[in-house]
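Residue-level structure breakdown
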Amino acid sequence: MSNAEPSPSEIAEREEDFALHSLAEKHAADRRYKASKEELLHFYEQMLLIRRFEEKAGQLYGLGLIGGFCHLYIGQEAVAVGLQSALKGGLDSVITGYRDHGHMLAYGIDPKVIMAELTGRHSGISKGKGGSMHMFSVEHGFYGGHGIVGAQVPLGSGLAFAHKYREDGGVTLAYFGDGAANQGQVYESFNMASLWKLPIIFVIENNQYAMGTAVSRSSAETHFYRRGTAFRIPGMQVNGMDVLEVRKAAEIAIEHVRGGNGPVLMELNTYRYRGHSMSDPAKYRTREEVQGVREKRDPIEHAKTELMEMGVAEASLKEIDKRVRASVGQAADFAESSPEPDASELYTDVLVETY
Amino acid sequence: MPVEVKMPALSPTMEEGKLAKWLVKEGDEVSSGDVLAEIETDKATMEFEAVDEGKVGKLVVPEGTDGVKVGTVIAIMAGEDEDVSEASSSPEPAPQAKADEQPAKEKPKAKKGGAPKVEEPEKDLKADESKADKASEKDDKAELETGTTQLGSDIKPAKSDEVPHGVNMKTATVREALRDAMAEEMRRDERVFIMGEEVAEYQGAYKVTQGLLEEFGPKRVIDTPITEYGFAGIGTGAAMGGLRPIVEFMTFNFAMQAIDHIINSAAKTNYMSGGQMRCPVVFRGPNGAAARVAAQHSQNYGPWYASVPGLVVIAPYDASDAKGLLKAAIRSEDPVVFLENELVYGRSFELPELDDHVLPIGKARIVREGTSVTIVSYSIGVGVSLEAAEKLAGEGIEVEVVDLRTLRPLDKATVLESLKKTNRMVVVEEGFPVCSIASEIITICMEEGFDDLDAPVLRVCDEDVPLPYAANLEKAALIDVDRVIAAVKKVCYR
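Just so it is clear, the structure is predicted and the values come from calculations on it, not from any experiment.

When helices and strands are counted, chain B shows 14 helices and 22 strands. Contacts spanning at least 24 positions in sequence make up 78% of the contacts within chain B whose residues lie at least 6 apart. When the accessible area of chain B is evaluated, it comes to approximately 18,800 Å², of which 50% is carbon and sulfur surface.

Printed below as a string of structure tokens:
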């Protein structure tokens, strides 16, 4: 059999198969973005800002200044920073679920208005009416911040639809987790996005746990990057703990999508150090497991080591840390001292128009 | 033995049709499956096939004849050994031919005893034996009445003072009015597009989007897969991204799959974002009971959506309101649920011939003035209310009928003003009674109109059961004129 010439249908099949793997192969051939020292310093600072911001949010939650649900992004910083650094600001769109603070910070949105939203104050980005899970910045092309698991996937496909409809060349990045990846609407979106060749990158942030359920206990196919195959969406598996690998993968995916070739599905393997939300007792995993990732795979430590290898002095890294802490401190002060929304705000923004 | 070939019912709503063209002539041998004729229904031109083999004896109804009633003998087939001439001597008189009488199409005719004015997505365009037989049987027994027949009405709403004086009026169906509204808004604003199941190539499951694909092309008239949750989300996202989507649900029963996006994604966005992210999407499609489609396909979702802050909910009755309010809905910066009614699509009303007929959202309309008692209703209930009002006028009870038109925001002022005038009220709603729009109106009267009440406000709603299939039970479940009359008399203590 091995000597037999492949039939035309076999060749066609192999070519199609190749099309679905081609991005992964392209990435395998050149895994990491070659960042300049300045670029990597910038990524480092952004990741550190997310980390320190989230740590502070955790503290404010403990003090009772932040209420309700609060989902921290600690451990996953390289994903948002690596991906969003490859986007075109002012053109492309980003949408995510409820674990959204990091994505906003990675987009350069002022930490003050994010923190003030967490504390439910008038100067928060949603005037204190949205809270941790519902934040938006249309100005930055950040479309939320959605509290229903998986809802952001068709919504993101709609944003991509709008880019295609307007022919503005923009692409959409729609983030969701390994948990949301089991929602039916995700596959409805895959189908239409592929059918209509929408310019969208579906980003599965696989942090290994859907709330407290490990992926192996909730998913028949734990290789999430393969889940677009049935819809002819090429998949990519990416180490989400390495900001330069993420950045490179983003460039490959964006080039494909912006070229009018339809969607890409990326699985970013990452890890959430903290609980699902602030009320998570974390009985589903061991301290050793978390500690192991922190020590061996931490994205910020990884970038720090690399920077030092590039000849960046420890003092300048300390300087960055200081700057980030100061910025987060100011954000926290602002969030604590800003007034609550005026009582009249209860009735505003329900509808845009008056009828 | 000659066999009669009768005018088939090619859709559940078809009462009559046009025999557009004979594809056989007298004396032709035909076999089962051969196309005998082309027949135009109110929705499409369809091929009519021979059920059996035989020889065409006589073509009783000439081609081009309009208004041929379902069940009319249109041809006689001769048996195998029969003479054509023998078969020709038909005992049946030829039907009255109303050749090329145009307005015959889409006549609103759902009075008792008439055929139900019900439409359903036609999956099967071929007229098969059973369908044709069933139709002629039905006709023979004159047993066409179903529960939805009692929702019919021939009485038109009073002319609205929103229409400028002296404007020329034309007759149009609600279906045409809706299509024209969309077409006009699509011409006006490039951002407007329509998506949904069968909206493009099929021309709309209920023909509401007829001709839009031809004019606007596949970029703006988009057939979706059967995936309500997904495409409702895509439409909502496209609105967030700056477009003006019209999302059609084949019926609102199927929107239950998508209700999360309507409520959690569309309705709450503006509030949750502190007013910075808008969601100007229109979700539209038929709502409420349809004929003989039973519980899962017959429900009024008006009260569901009207309970959600952040949504605008519109449920028009006549063609003028359907057009003027759909145009307003498309232009609105807010998410709108636009509830149409399958049984009303084919009804004809006066429609003003205006270049830009846009009506205000959130305003009720007095469709009949009266002094004795107020009936508040919306959508198909308005027709039932007008019928009841007409009958009651004969007994000296002058009923004022208020059509809410918009269910959210509700025009409390008009309701309360009418109550102040008549001091008595009945709410007529084709929908479940519990937690209904009727409940809401009654609450408003208690809270803000108590001193104006001379009698308790009553409601006439469907029975509190899933809609049954059997015709007799369906009739018992749905509102009708008699129930409305009884309630009106009760609040008048008569």
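Another point: the overall build of chain A. Across its full length, chain A holds 12 helices and 8 strands. Taking 355 residues into account, the globule formula puts the C-alpha radius of gyration at 20 Å, and chain A, at 21 Å, falls close to it. Seen through its principal axes, chain A has C-alpha atoms that stretch 75 × 60 × 40 Å. Here chain A holds 355 residues, and 54% of them are scored as buried. The long-range fraction of contacts in chain A, counting pairs at least 24 apart against all pairs at least 6 apart in sequence, stands at 76%. Considering chain A, the positive charge centre built from 38 side chains and the negative charge centre built from 48 side chains are found 4 Å apart.

Glancing now at the packing of aromatic side chains. Residues and elements named next belong to chain A. Under the counting rule described, the total for this entry stands at 18 aromatic pairs over all chains. On the numbers, 6.2 Å between centres and 65° between planes, the contact of Phe-161 with Trp-196 is edge-to-face. With Phe-161 in helix α6 (residues 152-166) and Trp-196 in the loop between α7 (184-195) and β4 (200-206), this residue pair connects regions lying 35 residues apart in the sequence. A single burial state applies to Phe-161 and to Trp-196, both of which are buried. Here the aromatic rings of Phe-190 and Phe-202 are separated by 4.7 Å at their centres, their planes lie at 55°, and the arrangement is tilted. In this pair, Phe-190 is assigned in helix α7 and Phe-202 in strand β4, connecting sequence segments 12 residues apart. Note on accessibility: Phe-190 and Phe-202 belong to one class, buried.

What follows is about the sheet that holds strand β7 (residues 65-69) of chain B. Residue and element names in this part refer to chain B. The strand order across the open sheet built from 4 strands is β5-β4-β2-β7, with neighbouring strands paired in antiparallel fashion. Sheet topology places β5 (45-49) and β7 at the edges, where each strand pairs with a single neighbour. Strand-to-strand twist in this sheet, taken as the mean axis angle between neighbours without regard to direction, amounts to 40°.

With 15 residues, α6(A) extends 21 Å between its outermost C-alpha atoms, agreeing within 8% with the 21 Å of an ideal straight helix rising 1.5 Å per residue. Most of α6(A) is tucked away: 13 of the 15 residues are buried.

A word on the packing of helix α2 (residues 37-62) of chain A against helix α9 (residues 243-258) of chain A. Packed helices, taken two at a time, are described by the angle their axes make and the gap between the axes. Residue and element names in this part refer to chain A. Running from N to C, α2 and α9 point in directions that differ by 110°, and their axes come no closer than 11 Å. What the angle tells us is that α2 and α9 run roughly perpendicular. Judged by residue contacts, Leu-40, Phe-43 and Met-47 of α2 engage Val-243, Leu-244 and Arg-247 from α9.

What follows covers the packing of helix α1 (residues 8-29) of chain A against α9(A). Residue and element names in this part refer to chain A. Contact geometry for α1 and α9: axes closest at 10 Å, N-to-C directions at 140°. One way to sum up the angle between α1 and α9 is to call them oblique. The hand of the α1/α9 crossing is right-handed. On the side of α1, the interface is formed by Leu-23, Lys-26 and His-27, while α9 contributes Glu-245, Lys-248, Ala-249, Ile-252, Glu-255 and His-256.

On to unusual backbone geometry. Cis rather than trans, the peptide bond between Gly144(A) and Gly145(A) has omega equal to 25°. For the bond running from Arg408(B) to Pro409(B), omega is -5°, close enough to zero to count as cis. Its location among the elements puts Pro409(B) in the loop between β20 (406-408) and α11 (412-422). Although it is not a glycine, Arg292(B) adopts a positive phi angle of roughly 60°. As for its position among the elements, Arg292(B) is in the loop between β13 (282-286) and α8 (302-306). What makes Arg292(B) partly exposed here is its relative accessible area of 28%. Phi angles above zero are rare outside glycine, and Ser379(B) is one such case at about 50°. Within the secondary structure layout, Ser379(B) lies in the loop between β18 (373-377) and α10 (380-393). What makes Ser379(B) buried here is its relative accessible area of 9%.

As a further point, take the sheet that holds strand β1 (residues 3-6) of chain B. All names here are of chain B. The 4 strands are arranged β1-β8-β6-β3 in an open sheet whose pairing can be described as antiparallel. Looking at which strands have only one partner, the edges of the open sheet turn out to be β1 and β3 (29-30). In this sheet, strand β6 (residues 54-59) lies alongside β3 in antiparallel orientation, the contact comprising 2 bridges. Within the sheet, the bridge partner assigned to Glu-29 lies in β6 and is Lys-55.

Procedures and definitions
- Residues numbered from 1 in each chain as written.
- Chains lettered and ligands numbered in written order.
- Predicted model: local features only at pLDDT ≥ 70, side-chain atom pairs only at ≥ 80, totals over all residues.
- Heavy atoms only, no water.
- Helix = DSSP H or I, 4+ residues; strand = E, 2+ residues; numbered from the N terminus.
- Contact = heavy atoms within 4.5 Å.
- Areas by Shrake-Rupley, 256 points an atom, 1.4 Å probe, with all protein chains shown as cover.
- Rg over C-alpha atoms; globule rule 2.2 N^0.38 Å.
- Buried < 20%, exposed > 50% of the residue type's maximum accessible area, 1.4 Å probe, protein only.
- Lys, Arg positive; Asp, Glu negative; His and termini not counted.
- Charge placed at Lys NZ, Arg CZ, Asp CG, Glu CD.
- Phe/Tyr/Trp six-rings, centres within 6.5 Å; stacked < 30°, edge-to-face > 60°.
- Pairing = 2+ DSSP bridges.
- Axes fitted to C-alpha atoms, helices over the stretch in contact; angles between N-to-C directions.
- Expected span 1.5 Å × (residues − 1).
- Parallel < 35°, antiparallel > 145°, perpendicular 65-115°, else oblique.
- Left-handed = near helix turned anticlockwise from the far one by under 90°.

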